[in-house]
Amino acid sequence: MDDEILEQLRERYASGNLIVFAGAGVSAAAGMPTWKQLAEKLRDRARRRSADPAVLDEIQQYISSNQLINALSAAKLALGPQDFNWTVDKELDDTGRDVPEVAQAIAALKPKLKAVLTTNIDRFLERAFQGEWRVVDRPTGDVAMDRRFILKLHGTLRAWDTWVFSRDQYDRAIFGSPLLQDAFGALYRTHSILFVGFGLADDNIDQTLARVRALSGGQPPMHFALLPKGVPPFRRKLLEESGIRLIVYENQSGDHAEVAEILLGLEQVAPAPQPPPRLATPAPGARPNAAPPSARPTVVPPANARPTAQRPVRVFFSYASRDEELLSRLEAHMSPLKREGLIAPWHSGKIGAGEDLERAISEQLEAADLVLLLVSASFLASEQGDAQVTRAMERRAAGQAAVVPILLRPCDWETTRFAELQAVPRDKKPVTKWADEDEALLQVVREIRAVVTKLRASLG
């Protein structure tokens, strides 16, 4: 297992921006049929009902090629809605079954988890969360702004009218309205998704990943998938190109028990550092010995001292390449904030040779607490800058980041989507129009310090 990827997943969870997407494997852990097994049961029932052999062959072909949604759709056509719904309800009824450990492990993440999405219609997740989270089987346009909910993308048990068992139904139910499409686009662009309970050849995850890629504008944030050992090289390549970080486990017992352990481990934190050894107090009149290089005196803060934030504020600079010189000068003015441990600044100039440029920018923007827009005509003309502004404003609307426009050069910025924000310098006079540009940058940094102070209070 890649410890670095696992640590990245833990950071996403700690940030409150992680969504778990639970597949059929979560329910299969409790003995429920997988989508493939359900399709096979429906095929067998259609055979017992003397369905046309050609229809049965079609269902089997879909099953064999792992086009499971198509297999279910064909089975529904063969059986008719009433018989299909009755059979599915009977096969997926979780009454009397114990909640699987993996569902309980997902519920254990509720302190910081954003939401849970699932294609399962059984009630294991609702039972695991013990009714504490709202269950949604008909999403609304504000879904991306909400928290602490279980969204059942294919409907829920007993409520047959909520079921979605074909691609066209899925598209109509989830993405049929522009409002819902925008909402899910914001959800996929601004949050990381952890796929749990999906098989290597499951076309359901392929469908979902295709939708994530489309709605994220080709720049999805970092996503993760828990998969058993044995991911083929080409399959791994496809997943990684979709922005998926793979966390591969051994599955030695064959029951995927490691999945619950990994999920529960997301709450673990590094042990607190041990206090340094206390220096012996020399006898009166004696000359004290020099402290060894590794020793550090214990500093006791005053009783009225404010606690420090858990980490510095992550600052992302969004800028045009023409403005690199002004960016460098702004960074110099902000260096005291960095030395004081108040900020951790980042911009694309820090990307090393051989790194994936788009992925690095996307990951850093997703993790940022404060986004600084360095506004100029070149910035407004940049497609990359426009994409970063879109992402930043979405994260701001979701309460995940602060955004501050910094006016570098004269331009028509007051017609932009960030014109509603308080820009700096406050008099709307661009930095390059000041008689002393350093004076302008000093005013900017003072404003940034005030924003950082507020953010640290919320982070702490």
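Because the structure is predicted, anything quoted here is derived from the model rather than measured.

**Regarding the overall build of the protein chain**
When helices and strands are tallied, the protein chain shows 18 helices and 11 strands. Residues counted as buried form 48% of the 460 residues belonging to the protein chain. The contacts of the protein chain with a sequence gap of at least 6 include a subset with a gap of at least 24, amounting to 71%. A total accessible area of about 22,800 Å² is found for the protein chain, and carbon and sulfur atoms account for 51% of it.

**A few points about the side chain of S376**
Within the secondary structure, S376 is located in the loop between β10 (370-375) and α16 (377-381). Among the polar contacts listed, one links the side chain of S376 to the side chain of D323, at a separation of 2.6 Å. In this view, S376 contacts D323, R409 and C411; residues no more than four positions away in its chain are not counted.

**Things to note about the sheet that holds β10**
Picture the strands of a sheet paired through backbone hydrogen bonds; they go either parallel or antiparallel. Taking strand neighbours across the sheet as the criterion, the 4 strands line up as β9-β8-β10-β11 in an open arrangement whose pairing is parallel. Whereas interior strands pair on both sides, the edge strands pair on one side only; in this sheet they are β9 (343-346) and β11 (402-407). Direction aside, neighbouring strands of the sheet carry axes that sit 25° apart on average. When strand β8 (residues 313-318) meets β10, the two strands line up parallel, connected through 4 bridges. In the strand pairing of β10, V315 is matched with L370.

**Digging into the pattern of salt bridges**
In total, this model carries 27 salt bridges according to the counting rule given. Ionic pairing is found between D93 and R123, a salt bridge with its closest N-O pair at 3.2 Å. Linking D93 in the loop between α6 (81-91) and α7 (101-107) with R123 in the loop between β2 (115-118) and α8 (124-128), this pair joins segments that are 30 residues apart in sequence. R123 sits in the partly exposed class, given a relative accessible area of 25%. A salt bridge links R396 to E420; its shortest N-O distance comes to 3.9 Å. Separated by 24 residues along the polypeptide, R396 in helix α17 (residues 383-397) and E420 in the loop between β11 and α18 (437-459) bring together distant segments of the chain.

Cut-off values and rules
Residues numbered from 1 in each chain as written. Predicted model: local features only at pLDDT ≥ 70, side-chain atom pairs only at ≥ 80, totals over all residues. Heavy atoms only, no water. Helix = DSSP H or I, 4+ residues; strand = E, 2+ residues; numbered from the N terminus. Buried < 20%, exposed > 50% of the residue type's maximum accessible area, 1.4 Å probe, protein only. Contact = heavy atoms within 4.5 Å. Areas by Shrake-Rupley, 256 points an atom, 1.4 Å probe, with all protein chains shown as cover. Polar contact = N/O pair within 3.5 Å; in protein donor to acceptor, adjacent residues only side chain to side chain. Pairing = 2+ DSSP bridges. Axes fitted to C-alpha atoms, helices over the stretch in contact; angles between N-to-C directions. Salt bridge = Lys/Arg side-chain N within 4 Å of Asp/Glu carboxyl O.

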